Amino acid sequence: MSGKDFWQTQDIPRLGIPSIFLADGPHGIRKQAEAADHLGLNPSLPATCYPTAATVANSWNTELGEKLGEYLGKEAVSQRVHVLLGPGVNMKRNPLCGRNFEYFSEDPYLAGKLAAAYIRGIQSQGISACVKHFAANNQEERRMSIDTIVDERTLREIYLTAFEIAVKEGGTKTVMSSYNMLNGEYTNENIHLLREILRKEWNFEGVVVTDWGGSNDRVAGLIAGNELEMPTTAGETNAEIVRAVQTGEIKEEVLDECVDRLLELIFSTEEAFKTADKPQFDVDRHHRAAQEAAEESIVLLKNEGSILPIHHGVKVAIIGEFAKEARYQGAGSSIVNPTVLDHTLDGLAEAGLTSVGYEPGFERYGKRSRGKIAKACDLAKQADVVLLYIGLDEVTEAEGLDRQNMKLPENQVELLNALYEANPNIVAVLSCGSAVEMPWIGKVKGLVHGYLSGQAGAKAILGVLTGKVNPSGKLAETYPLRYEDTPSYYHFPGKEVSVEYREGPYIGYRYYDTAKVEVLFPFGYGLSYTAFAYSDVQADRDGVTFKITNTGSMPGKEIAQLYVGCKSGDVFRPNKELKGFAKVLVNPGETETVTIPFDDKTFRYFNVTTNGWEIEGGEYEIMIGASSADIRLTASLHVEGTGAPLPYEQAKLPSYYSGQANQVGQEEFERLLGRKVPAAAWDRTQPLGYNDTIAQCQYAKGFVARLAFRLMSFAHWFLWKTGKRSTANLIMMSVYHMPFRGIARMTGGLVNMPMLDGLLMMVNGHFFKGLKHFLKERSKMLKAAKPKVVIPAQATKGEEI
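Parameters at a glance
- Residues numbered from 1 in each chain as written.
- Predicted model: local features only at pLDDT ≥ 70, side-chain atom pairs only at ≥ 80, totals over all residues.
- Heavy atoms only, no water.
- Helix = DSSP H or I, 4+ residues; strand = E, 2+ residues; numbered from the N terminus.
- Rg over C-alpha atoms; globule rule 2.2 N^0.38 Å.
- Buried < 20%, exposed > 50% of the residue type's maximum accessible area, 1.4 Å probe, protein only.
- Areas by Shrake-Rupley, 256 points an atom, 1.4 Å probe, with all protein chains shown as cover.
- Pairing = 2+ DSSP bridges.
- Axes fitted to C-alpha atoms, helices over the stretch in contact; angles between N-to-C directions.
- 1 Å grid on protein atoms, 1.4 Å probe; cavity = no way out; pocket = protein on both sides within 12 Å on 5 of 7 lines; lining within 4 Å.
- Points joined across faces, edges and corners; volume = space filled by probe spheres on them.
- Domains from an automatic or database assignment.
- Core = buried A, V, L, I, M, F, W, Y, C linked by side-chain atoms within 4.5 Å.
- Contact = heavy atoms within 4.5 Å.
- Expected span 1.5 Å × (residues − 1).
- Arc of directions from axis to C-beta.
- Nonpolar A, V, L, I, M, F, W, Y, C, P; charged D, E, K, R; others polar.
- Phe/Tyr/Trp six-rings, centres within 6.5 Å; stacked < 30°, edge-to-face > 60°.
- Lys NZ or Arg CZ within 6 Å of the ring centre and 35° of its normal.
- Salt bridge = Lys/Arg side-chain N within 4 Å of Asp/Glu carboxyl O.

**Student:** Is there a simple way to think about the overall build of the protein chain in this case?
**Tutor:** Across its full length, the protein chain carries 23 helices and 26 strands. Taking 801 residues into account, the globule formula puts the C-alpha radius of gyration at 28 Å, and the protein chain, at 27 Å, falls close to it. With the principal axes as the frame, the protein chain shows a C-alpha extent of 95 × 70 × 60 Å. Here the protein chain holds 801 residues, and the buried ones make up 61% of them. Per element, the accessible surface of the protein chain, about 30700 Å² overall, is 52% carbon and sulfur.

**Student:** Which parts of the structure should I look at to understand the sheet that holds strand E19 (residues 543-550)?
**Tutor:** Taken together, three strands build an open sheet; the order of strands is E18-E19-E22 and the sheet is antiparallel. Since the sheet does not close on itself, it has two edges, and those belong to strand E18 (532-540) and strand E22 (591-597), each with one partner. Strand after strand, the sheet turns through a mean of 20 degrees between neighbouring axes, direction not considered.

**Student:** Whenever I open this one, the layout of surface pockets confuses me. Can you help?
**Tutor:** The probe, sized like a water molecule, is rolled over the atoms to show the empty space still left. Quantified by volume, the largest pocket comes out at close to 940 Å³. Looking at the largest pocket, it is lined by 32 residues, and the ones nearest its centre are Thr396, Arg403, Gln404, Asn405 and Trp720. Listed by contribution, the elements that provide at least two residues to the lining of the largest pocket are helix H14 (410-422), helix H19 (703-721) and helix H20 (725-736). No fewer than three residues from each of domain 2 (284-500) and domain 4 (694-785) sit in the lining of the largest pocket.

**Student:** Help me out: how do you make sense of the nonpolar core in this one?
**Tutor:** In globular proteins that are soluble, nonpolar side chains generally tend to be buried together. One finds Phe104, Phe134, Leu198, Trp212 and Phe740 to be the most contacted residues of the largest nonpolar core, which totals 135 residues. The contact partners of Phe104, leaving out residues within four places of it in the chain, are Ala53, Ala54, Ala57, Pro87, Gly88, Val89, Lys92, Ala111, Leu114, Ala115, Tyr118 and Ala476. By size, the runner-up hydrophobic cluster in this structure holds 68 residues, among which are Val299, Leu392, Met438 and Val448.

**Student:** Could you clarify how one ought to interpret the domain arrangement of the protein chain in this entry?
**Tutor:** Quite often, the size of an interface is put as the accessible area lost when its parts meet. Here the protein chain is described as being made up of domain 1 (13-273), domain 2 (284-500), domain 3 (530-647) and domain 4 (694-785). Look at where the C-alpha atoms of domain 3 and domain 4 centre, and you get two points 53 Å apart.

**Student:** Sorry, what's going on with unusual backbone geometry here?
**Tutor:** Leave glycine aside and you will find that most residues have negative phi; peptide bonds, for their part, are mostly trans. Residue Leu308 is joined to Pro309 through a cis peptide bond whose omega torsion reads 0 degrees. Mapped onto the elements of the fold, Pro309 is located in the loop between strand E9 (299-303) and strand E10 (315-319). A cis amide bond, omega -15 degrees, links Phe492 with the succeeding residue Pro493. The residue Pro493 is located in the loop between strand E15 (479-480) and strand E16 (498-500) in this model. Of note in the backbone geometry, Asn183 takes a positive phi value of approximately 50 degrees without being a glycine. Position of Asn183 among the secondary structure elements: in the loop between strand E6 (181-182) and strand E7 (185-186). At Asn611, a residue that is not glycine, the phi angle is positive and equals roughly 55 degrees.

**Student:** Would you mind going over helix H9 (residues 252-270) with me for this structure?
**Tutor:** Since there are 3.6 residues in each turn of an α-helix, residues three or four apart along the chain are aligned in direction. Taking 1.5 Å as the rise per residue, H9 with 19 residues should run 27 Å; its terminal C-alpha atoms sit 27 Å apart, in good agreement. Taken as a whole, H9 has its buried residues at Leu255, Cys258, Arg261, Leu262, Leu265, Ile266, Thr269 and Glu270. Taken down its axis, H9 places every buried residue within 160 degrees of arc, on the same side. Residues of H9 that are exposed and point more than 90 degrees away from the buried face comprise Glu252, Glu253, Asp260 and Glu264.

**Student:** Whenever I open this one, empty space enclosed by the protein confuses me. Can you help?
**Tutor:** The tally for this structure, following the rule as stated, stands at six cavities of 30 Å³ or more. Within this model, the largest cavity holds a volume of roughly 130 Å³. As for the largest cavity, its lining consists of Pro108, Tyr109, Glu157, Ile158, Thr161, Arg510, Glu577, Leu578, Lys579, Lys601, Arg604 and Trp613. Elements that contribute at least two residues to the lining of the largest cavity include exactly helix H3 (108-123), helix H4 (152-159) and strand E21 (577-586). If you tally residues by element for the lining of the largest cavity, the top one is E21, at three residues. By residue class, the composition of the lining of the largest cavity is five nonpolar, one polar and six charged. Per-domain counts for the lining of the largest cavity show at least three residues from each of domain 1 (13-273) and domain 3 (530-647). Computed from the structure, the second largest cavity encloses a volume of approximately 110 Å³.

**Student:** Before we go on, may I ask you to explain the packing of aromatic side chains in this structure?
**Tutor:** Two aromatic rings, taken as a pair, are described by how far apart their centres are and by the angle between their planes. In this structure the tally under the stated criterion is 30 aromatic pairs. A centroid spacing of 5.4 Å and a plane angle of 65 degrees characterise the contact between Phe6 and Trp7, whose relative ring orientation is edge-to-face. A single burial state applies to Phe6 and to Trp7, both of which are buried. Connected via pairs of aromatic rings, a cluster forms that spans Trp60, Tyr109, Tyr509, Phe523, Tyr563 and Phe581. Lys31 extends its terminal NZ or CZ atom over the ring of Phe21, reaching a point 4.6 Å from the ring centre. Positioned above the aromatic ring of Phe273 is the side chain of Arg80, whose terminal nitrogen or guanidinium carbon lies 4.4 Å from the ring centre.

**Student:** Teacher, can you tell me more about helix H5 (residues 161-168) here?
**Tutor:** Counting buried positions over the eight residues of H5 gives seven, a clear majority of the element. Along H5, the residues classified as buried are Thr161, Ala162, Phe163, Glu164, Ile165, Ala166 and Val167.

**Student:** Please clarify how the pattern of salt bridges should be interpreted in this entry.
**Tutor:** Oppositely charged side chains can form a pair if their charged atoms are brought close together. The final tally for this structure, using the stated rule, is 49 salt bridges. In this structure, the salt-bridge partner of Glu164 is Arg604, at a minimum N-O distance of 2.9 Å. Separated by 440 residues along the polypeptide, Glu164 in helix H5 and Arg604 in strand E23 (residues 604-607) bring together distant segments of the chain. For Glu164, a relative accessible area of 3% translates into the label buried. Arg510 is paired through a salt bridge with Glu577; the nearest N and O atoms lie 3.2 Å apart. One end of the pair, Arg510, is in helix H16 (residues 509-515); the other, Glu577, is in strand E21, and 67 residues separate them in sequence. Across this residue pair, the class does not change: Arg510 and Glu577 are buried. Through salt bridges with shared partners, one network takes in Arg99, Glu102, Glu140, Arg143 and Glu399.

Take a look at the structure:
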């Protein structure tokens, strides 16, 4: 029930039970060659670095997702990885979440469909995918202890739907429980989440594994059905399980049920390695697949005066640090060691671009340099078009940390302003894994967003810039004009005990469209080098059919989006919600007929009175759009309802019925929740305990704890100022926000819970008593770990023992 080490399950050779290997891998395999850790400090084996989930989501192509999954599965088998820890399907509730680059979308339907495709592809190779992080894990700060407060309907419709699709349509064999608490209970101990919803409603029969170090109460987790705890605790939690069975706290049949599921995962995935010794994957073929995925996912956001594509003979100046050293993936547990890595400067000749030179223009990590700007401007004056490579750096978007703002680094904006004066023909190539503000957009004529496009992304972007590839990506998230416009602005992140999802279901376009808030780029937006006309919409009880005509001069792929809105108003809901999509290749002058079928999610809403999915009877508007804000066709359809009682009194929930849900008061939020909101601040009068974080040492009673906090804060500041930002991030990610129990859960048995009790005594002002307890328990642990030699009674001097 617990790991053998950091990445492997326990093997039992005498019973013929092998260990299996779990490895990170949302967009590439990260199996480490040396001593394993969770933070990426040691190098991993070379593997294809595909575009991240946030990038591939812009393709809106489930066939592509399944193909990438198949390739990921092949590479996993070649490295003897049984469980690939991905994909991640958490919602982009807020654009500052530091791990947004690993997640697909702000929309659960799109995220779920793509995740299911990935899972089918991965598991076609005989191994297991592991959809994560279940559930409502939408911030990185204090992620191991934050309590997510969310109403049941929002939880079901927004934060669980992608997981539901991944389980039901993807057939995932493994689910990873998240670190956070959900409405007062840790997710891996949450009976409602794991047993009532995941097992009973969705009929999930696979294994639930903790996030690494995410186990709080091991026995409670097992009762809830969280089979596997990772990483190892050197037998400590195994002993807890044994005691729980002996005392009757856990029935033996409950343990048997969990063991059966784990054994099924072990034996079924081990089959993938019996057909070949160690099959190798085709590095070049997989690299080309990474390029194709990037090409389908790049989004053209602006093309003023048809500055793109760049024609043969046009002189271009290449400016920007990211042109020399590509920004192609995120940071944290998903870092992949690429097999090959394309860079822009190496691919200019092959792309057919006439370059007048390259200048970095800015320092990658934000340091200002007037000299670099001056050199860049001199180069820009020699060119017809400036290709400016900008974006966010690796230490800004990282696991364990949330971004501080939505802005590009100031030194990059200064460079852009200066270049605009030197040569206004600027095409910006943006590389980042999440939304940014763009007050500078008026100073660029072209804007190509590559997101984090993987090891072959540089060449894919050059293909779009030169017209060899007609861009077909569309945004899977909304770009607000400014961060203050986001619906969760006033409630992100939760800083102490909890985070309140007061906006309810109004995240992303659901909020902007309903509250009529102007945005920079709407959900589903993306330009092409050709144009498409929509016509002849027809809707019936089975789905909607319409036609798309390519009215331009170039073949292109169009992403048509189906939105549905209920006209009734009796149950509050967004004006429109995505319920289907199709990506269609159309040649110039030709017309394609597109059918998008309805499914069980098209008209449903979750009724908190009946505690089930219901359909509100009435007229529905069926909308076909090129984006959420560009609706091309509409039809009306009458739908029979299930006759459920209305769950809300409209007068008591005015913000939710109007959609103006960005500043909901506590009283109205409590009416939505159906209970009081728990206190959101730490109780600084109480001693610190297992689930308090190391950061809370700032107000601890123990002087040594307060001093340690100050030293840790100084170390972070010093490392950041001296340029060692990745190391500084590790302090925040792996120490600052870690709960004390994490010291025991993440050290592989070096510190156990009784020793942790001693540390907490020291933290709470009893230094010498705590130190004595710590040393005593450490001595007991070491003594217990020594191998015992038993001499048989009949042995005599000289006999072999």
